[in-house]
Amino acid sequence: MNIEMRHLRYFVAVAEEASFTAAAQRVHVAQQVLSTQIRQLEDAVGTLLLERTSRGVALTAAGSAFLGSARETLASLDRGVAAARNAARAVSGQLTVGLQAATGGSGRTRVLAAFERAYPEVALHLVSYDLAQPAAGLLDHSSDVALLRPPVDAPGILVEQVSAEPRVFVLPAGHPLASRPVLELADVAGRPWVAAPLSVDGCAPARFRDDWLVVPRPGGDVPVIGAVAATIEEWREHIAAGRGISLCPASSEAFSARPGIVFVPSRGVRVTSLCVAWRADDVRPEVLAFVKVAAGGVAAGGVADVARAETGAGGA
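Residues numbered from 1 in each chain as written. Predicted model: local features only at pLDDT ≥ 70, side-chain atom pairs only at ≥ 80, totals over all residues. Heavy atoms only, no water.

Once that is clear, we can look at the overall build of the protein chain. Looking only at helices and strands, one finds 9 helices and 13 strands in the protein chain. Relative to the globule expectation of 20 Å for 316 residues, the C-alpha radius of gyration of the protein chain, 32 Å, shows a markedly less compact shape. When the backbone C-alpha atoms are referred to their principal axes, the protein chain occupies close to 100 × 40 × 30 Å. Per-residue burial for the protein chain yields a buried fraction of 44% across its 316 residues. At a minimum sequence separation of 6, the contacts of the protein chain that also span at least 24 residues come to 72%. Entry remark: accessible area of the protein chain is about 15,100 Å², with carbon and sulfur atoms responsible for 53%. Of the side-chain charges in the protein chain, 29 are positive and 31 negative, and the distance between the mean point of each set is 4 Å. (Helix = DSSP H or I, 4+ residues; strand = E, 2+ residues; numbered from the N terminus. Rg over C-alpha atoms; globule rule 2.2 N^0.38 Å. Buried < 20%, exposed > 50% of the residue type's maximum accessible area, 1.4 Å probe, protein only. Contact = heavy atoms within 4.5 Å. Areas by Shrake-Rupley, 256 points an atom, 1.4 Å probe, with all protein chains shown as cover. Lys, Arg positive; Asp, Glu negative; His and termini not counted. Charge placed at Lys NZ, Arg CZ, Asp CG, Glu CD.)

Printed below as a string of structure tokens:
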């Protein structure tokens, strides 16, 4: 008869409990079954390993010699099982992260740093996209996941919020409204704006631009576009030159400030969100792991377990 792992587990249980009754309870088998398995083990070894005494069960000299090897064999098996399970759960490979131009700041940095700490075996490749590409590479597959600000009006893209913050107005330093403590849309009616370009990456062309222009507006006014900026640097230059005003995330005051522009809190304007986005049909482990980390620990049993918002949603 071959010695099997169950024989070793039963033997170790009896040796450690010094009782067939207690050992049977520990390994969840009937005492008679346990006794039969121990006899089979002793037959295979060729000698008595345990003996019953008035005080319970004691190891024979052969049993004492056998116990250490039995424990080490079981421990080695447990280590092997754990290693196999860890390997199955391990996430490795490469991941291209699209960075939309409007997402600069500490929130984006925290997401990237947290992912690299959690999944050091995944090599991140970062690619920046300008404001004409709201989907940040997802639609042409030049990125695997993206950190962006919605709306992303395109089919097959899922969006999950990472964080939210107010939008603030940005004006030239010498603008008549620059000293106001707070501004509403009605205050800036008729003023020229610096706008994002029409989208060229497959998203609905005007959706991203119009969201940041707040079109349509509650008051019915239509913004005048004084300049178009594809990059944050262009956007800042246009505003400083007095070609228009704009809205931006409140965090931009810390990360996009420069002489010649001022930031004024808004009232009555919807918040904006930093989001993680990915293709709905991409269920690779490294993609889902990034979504989980970015979204702050959402359960990652698969795409179905990650709270999703269809494209165009997401709290912009």
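Following the structure, the description resumes.
Before going further, it helps to spend a moment on the packing of helix 1 (residues 5-17) against helix 3 (residues 31-45). Their axes nearest at 9 Å, the elements helix 1 and helix 3 cross at an angle of 110°. Between helix 1 and helix 3, the interaxial angle falls into the category roughly perpendicular. For the pair helix 1 and helix 3, the contacting residues are Arg6, His7, Tyr10, Phe11 and Val14 in the first and Leu34, Gln37, Ile38, Gln40 and Leu41 in the second. (Axes fitted to C-alpha atoms, helices over the stretch in contact; angles between N-to-C directions. Parallel < 35°, antiparallel > 145°, perpendicular 65-115°, else oblique.)

For the pair helix 5 (residues 106-118) and helix 9 (residues 285-294), interaxial distance at closest approach is 9 Å and the crossing angle is 125°. Relative to helix 9, the element helix 5 is oriented oblique. As helix 5 runs across helix 9, the sense of the crossing is right-handed. In this structure, helix 5 contributes Val111, Leu112, Ala114, Phe115 and Ala118 to the contact, and helix 9 contributes Glu286, Ala289, Phe290, Val293 and Ala294. Split into classes, the residues belonging to the contact of helix 5 with helix 9 amount to 9 nonpolar, no polar and 1 charged. (Left-handed = near helix turned anticlockwise from the far one by under 90°. Nonpolar A, V, L, I, M, F, W, Y, C, P; charged D, E, K, R; others polar.)

The subject of this paragraph is the pattern of salt bridges. The full count for this structure, using the stated rule, is 21 salt bridges. Close ionic contact of glutamate 4 with arginine 6 constitutes a salt bridge, the shortest N to O distance being 2.1 Å. Note on glutamate 4: relative accessible area 36%, which makes it partly exposed. Arginine 6 gets classed as partly exposed once you look at its relative accessible area, which sits at 35%. Each of Asp144, Arg279, Asp282, Arg284 and Glu286 takes part in a single network of salt bridges with overlapping partners. (Salt bridge = Lys/Arg side-chain N within 4 Å of Asp/Glu carboxyl O.)

Okay, the nonpolar core next. Judged by nonpolar contacts, the single largest core of 22 residues is most densely connected at Leu95, Val97, Phe115, Leu147 and Phe290. Listing elements by their share of this core, those giving two or more residues are strand 3 (93-100), helix 5, strand 4 (122-129), strand 5 (145-148), strand 12 (272-279) and helix 9. In terms of residue count, the dominant contributor to this core is helix 9 (6 residues). Look past the residues within four positions of phenylalanine 290 in its chain and what remains in contact with it is Leu95, Val97, Val111, Leu112, Phe115, Val145, Leu147 and Val276. (Core = buried A, V, L, I, M, F, W, Y, C linked by side-chain atoms within 4.5 Å.)

Note: predicted coordinates in regions of low pLDDT should not be interpreted at a detailed level. On average, residues of the protein chain score 89 in pLDDT, and 91% of them reach the 70 mark or higher. Averaged over each element, pLDDT in the protein chain is lowest for strand 13 (residues 309-310) (31) and highest for strand 5 (98). In the model, residues 297-316 has pLDDT below 50 throughout and makes 53 contacts with residues more than four positions away in sequence or in other chains. (pLDDT = per-residue confidence, 0-100.)

Looking at where alanine 289 falls in the secondary structure, it is placed in helix 9. Spatially, the C-alpha atom of alanine 289 lies 12 Å from that of proline 120, the residues being 169 residues apart in sequence. Those residues in contact with alanine 289 that lie beyond four places of it in its chain are Val91, Phe115 and Tyr119.

A word on a nonpolar patch on the surface. Taken together, Met5, Leu77 and Val81 make up a surface patch of nonpolar side chains, about 200 Å² in accessible area. With respect to the helices and strands, the residue valine 81 is situated in helix 4 (residues 61-89). (Patch = residues over 30% accessible without salt bridge, like charges linked within 9 Å, V, L, I, M, F, W, Y side chains within 5 Å.)

Before going further, it helps to examine the packing of aromatic side chains. A full pass over the atoms with the stated rule returns 4 aromatic pairs. Plain terms: the ring middles of phenylalanine 115 and phenylalanine 290 are 5.1 Å apart, the flat faces sit at 55° to each other, and that makes the pair tilted. Taken together, the residues span a long stretch of sequence, with phenylalanine 115 in helix 5 and phenylalanine 290 in helix 9 at a distance of 175 residues. Here the two residues phenylalanine 115 and phenylalanine 290 agree in accessibility, since each one is buried. Here the guanidinium or amino end of arginine 52 rests over the ring plane of phenylalanine 20, the centre of that ring lying 4.1 Å away. Above the face of the tryptophan 212 ring, arginine 167 is positioned so that its terminal group lies 4.4 Å from the ring centre. (Phe/Tyr/Trp six-rings, centres within 6.5 Å; stacked < 30°, edge-to-face > 60°. Lys NZ or Arg CZ within 6 Å of the ring centre and 35° of its normal.)

Our focus in this paragraph is the pairing of strand 3. Along strand 3, 6 of the 8 residues are buried, which leaves the element largely enclosed by surrounding structure. Where strand 3 meets strand 4, 8 bridges bridge the pair, whose relative direction is parallel. Each bridged residue has a counterpart across the sheet, and for threonine 96 the counterpart in strand 4 is histidine 125. Note on the crossover from strand 3 through helix 5 to strand 4: the handedness is right-handed. (Pairing = 2+ DSSP bridges. Right-handed = clockwise from strand over helix to strand, strands pointing away.)

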